[in-house]
Amino acid sequence: MKIETHLDYQTILANRAQPVHFAIRFEADSKTHPRPKPAAFCVVLDRSGSMAGKPLDKAKEAARLAVKNLRPEDLFSLVVFDEEAQTVIPLQPAANKNETFVRAISTINDGGSTNLSGGWMLGRDELKKAPKDTTRRLLVLSDGHLNAGIVELPVVRQLVTSGLEKDLIRTSCLGFSEGYNEDLMSELARVTGGQFYDADAPEKIPAIFASELDGLQKLSIQNLRVRLARLDFCDAAELLGNSPVVQLPDGRTEIAVGDLVSGETRVLCFALGVLPLPFISGKPAFSLEGEKLVEIEILFDEIGESEIHSRSITQLIRIQATQNPDEVKVREEVIGWVAMQKTGRVLDEVTKHMDSGKNNEAIALLSKTIEQLKAYGPKEQVNESIAQLEQLMGKIDQGQWTVRERKASAYRSSQMRRMSSADIWTLDDAAPSFKKPSKPNAIDTKTPKSGHA
């Protein structure tokens, strides 16, 4: 894996405090060989009454598509839920996928309420049957809210977090149509390092399933974590992205980045508070190399051709001081990354204002952020982020903040703060520039009919 570390300002003026931004860019190696070990994949499918008709038909088509493209040694399970949860396909090898699996999927019918938590727990229990060294993934598809079973968001969040910590289960969530709870679905994906998908049409569901399975089959890096320690001249460090963060007993901050697929890039950005760097008689007071700012430790499991290797890399980040303003130069690439992730954060804040009926506050925040981005660096590096904010400001000003727009905004925020090149973009508007161009998918998209190979 290729790792780059950059400050937006490597050199700052001496004897004055200044905020700077620190970025880490990861690029996973491209993999041409298959995973050395099988994976376990569980689909947890909402079959409540609101899914009746074309949505459920497309979801079943997507499930058939997923199982068709599993390797024979992979494990698969399918759970459905309405007011109750039911296991349709217990976890088992995919060897008989064209018979047992496809026939079972075809028998699914629509039902009643939405017991999402019950469906997730049943899916978890199926994945727990997989060997401990198996990669475990769970994909939830729902078009509704928590209205049966456990309905408290903090409790459900703790359930899925525990599923990752104890059972190594990552949860991705596919929210469909205008009825689903985007705050719930995005949060469940975020805390486990999974993906959050927004779909406003049933036709998008099969492609999302294909993307999730494709990512599972092309894993390059697992359990990527960054541990950051503030050093002598750093008095604050704040993550701009949305990866889960925990404080370690030794005072360091650990950021759980998650898994990367073949060729994927991911970026973490931090806002750092830098204390005044002293200059005495025209020279740095302490070190000509630069003053110690932060130390990072990067840990990950690298998937090789026949085995998985655990890696650990440590790096010291320094910052230099000068008394010459002409020597203070910005790294333009970092500006674009920071602008993108700051925009994602602001979208979340705007949603909170709009939920409280504070339209003027939302517009004021958008306007303020636009001006800050314009002053931050070269215009071409921030134009994309500014355009997103200006577009949203116009919609709010014209009374076009709808249920659908709220969901789209939550999805944009999640994508901008996660900043993965590989995640599929599900909205109809243009994908962010950090996304890879769309390529023909290698997964077979011809869905088998029940009873046919």
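Scroll up for the structure.
Here is a short report on the structure shown in this document. Keep in mind the model is a prediction, meaning the values are calculated, not measured. (Residues numbered from 1 in each chain as written. Predicted model: local features only at pLDDT ≥ 70, side-chain atom pairs only at ≥ 80, totals over all residues. Heavy atoms only, no water.)

1. Looking at the sheet that holds strand β4 (residues 39-46)
This is how it is decided: One bridge is not enough; two strands pair if DSSP finds at least two bridges between them. Strands are runs of DSSP state E lasting at least 2 residues, helices are runs of H or I lasting at least 4, and numbering of each runs from the N terminus. Interaxial angles span 0 to 180 degrees and are taken between N-to-C directions of axes, which are lines fitted to C-alpha atoms, for helices over the stretch in contact.
The sheet built from 6 strands is open, its strands ordered β6-β5-β4-β7-β8-β9 with mixed pairing. If you trace the sheet from one side to the other, it starts and ends with β6 (85-93) and β9 (196-199), each paired once. Along the sheet, successive strands turn relative to each other by an average axial angle of 15 degrees, direction set aside. As paired elements, strand β8 (residues 169-176) and β9 share 4 bridges and run parallel to each other.

2. A word on the pattern of salt bridges
The following threshold applies: For this document, the term salt bridge refers to a Lys or Arg side-chain nitrogen within 4 Å of an Asp or Glu carboxyl oxygen. Buried, partly exposed and exposed residues are distinguished by accessible area as a fraction of the type maximum, computed with a 1.4 Å probe on protein chains only: under 20%, between the cut-offs, and over 50%, respectively.
Taken as a whole and assessed by the stated rule, the structure comprises 35 salt bridges. Of the charged contacts in the structure, one is a salt bridge between Lys58 and Glu61, with a shortest N-O distance of 3.4 Å. A residue pair is termed a helical-turn pair when its members lie 3 or 4 positions apart in one helix, as Lys58 and Glu61 do in helix α1 (residues 54-68) at 3 residues. Take Glu61: its relative accessible area is 23%, and that puts it in the partly exposed class.

3. Overview of empty space enclosed by the protein
Remark: the empty space left among the atoms is shown by a probe the size of a water molecule rolled over them. Where we set the bar: We place a 1 Å grid over just the protein atoms. Points where a 1.4 Å probe fits but has no way out form a cavity, open points with protein on both sides within 12 Å along at least 5 of 7 lines form a pocket, and any residue with an atom within 4 Å of a point lines it. Grid points are joined across faces, edges and corners, and a volume is the space filled by probe spheres set on the points. Amino acids are sorted into nonpolar (Ala, Val, Leu, Ile, Met, Phe, Trp, Tyr, Cys and Pro), charged (Asp, Glu, Lys and Arg) and polar (every other residue, Gly among them).
Scanning the model with the defined rule gives 2 cavities of 30 Å³ or more in all. In terms of lining, the largest cavity is formed by 15 residues, of which the most central are Ala189, Arg190, Gly194, Asn242 and Arg418. Of all elements in the fold, only α5 (182-192), β13 (253-261) and α10 (403-418) reach the threshold of two or more residues within the lining of the largest cavity. Along the lines of polarity and charge, the residues of the lining of the largest cavity split into 5 nonpolar, 7 polar and 3 charged. Each pocket or cavity is described by its volume, and for the second largest cavity that value is around 60 Å³. Along its surface, the second largest cavity is lined by Leu347, Gln388, Gln391, Leu392, Lys395, Glu405, Ser409 and Arg412. Every element with two or more residues in the lining of the second largest cavity is listed here: α9 (379-397) and α10. Per-element accounting of the lining of the second largest cavity gives the leading share, 4 residues, to α9. Among the residues forming the lining of the second largest cavity, the class breakdown is 2 nonpolar, 3 polar and 3 charged.

4. Quick notes on the side chain of Glu212
Defined as follows: His is not counted, nor are the chain ends, whereas Lys and Arg count as positive and Asp and Glu as negative. N or O atoms closer than or at 3.5 Å make up a polar contact, with two conditions inside protein: a donor-capable atom paired with an acceptor-capable one, and, for residues adjacent in sequence, both atoms drawn from side chains. Here, residues are in contact when the closest pair of their heavy atoms is within 4.5 Å.
One can find Glu212 in helix α6 (residues 205-217). The buried charged residue Glu212 lacks any salt bridge partner; its closest oppositely charged side chain belongs to Arg137, at an N-O distance of 4.4 Å. There is a polar contact of 2.8 Å between the side chain of Glu212 and the side chain of Ser172. Those residues in contact with Glu212 that sit more than four places away from it in its chain are Phe41, Arg137, Leu139, Ser172, Gln195 and Tyr197.

5. Describing the packing of helix α3 (residues 116-127) against helix α4 (residues 153-167)
Our working rule: Note on terminology: angles under 35 degrees are roughly parallel, angles over 145 are roughly antiparallel, angles of 65 to 115 are roughly perpendicular, and the others are oblique.
For the pair α3 and α4, interaxial distance at closest approach is 11 Å and the crossing angle is 10 degrees. In terms of their interaxial angle, α3 and α4 are classed as roughly parallel. On α4, the residues touching Ser117, Trp120, Met121 and Arg124 of α3 are Val156, Leu159, Val160, Gly163 and Asp167. Tallied by class, residues from the contact of α3 with α4 come to 5 nonpolar, 2 polar and 2 charged.

6. Thoughts on the nonpolar core
Keep this limit in mind: By nonpolar core is meant a set of buried Ala, Val, Leu, Ile, Met, Phe, Trp, Tyr and Cys residues that side-chain atoms within 4.5 Å join together.
Counting 35 residues, the largest nonpolar core has Phe41, Leu45, Phe76, Leu78, Leu141, Leu174 and Phe209 as its most contacted members. Contributions of two or more residues to this core are made by β4, α1, β5 (75-81), α2 (97-106), β7 (135-142), β8, β9 and α6. Non-local contacts of Leu141, meaning those with residues more than four positions away in its chain, are made with Val44, Leu45, Asp46, Met51, Ala59, Phe81, Leu174, Ile205 and Phe209. Leu7, Ile12, Leu228 and Ile296 belong to the second-largest nonpolar core, a separate cluster that totals 34 residues.

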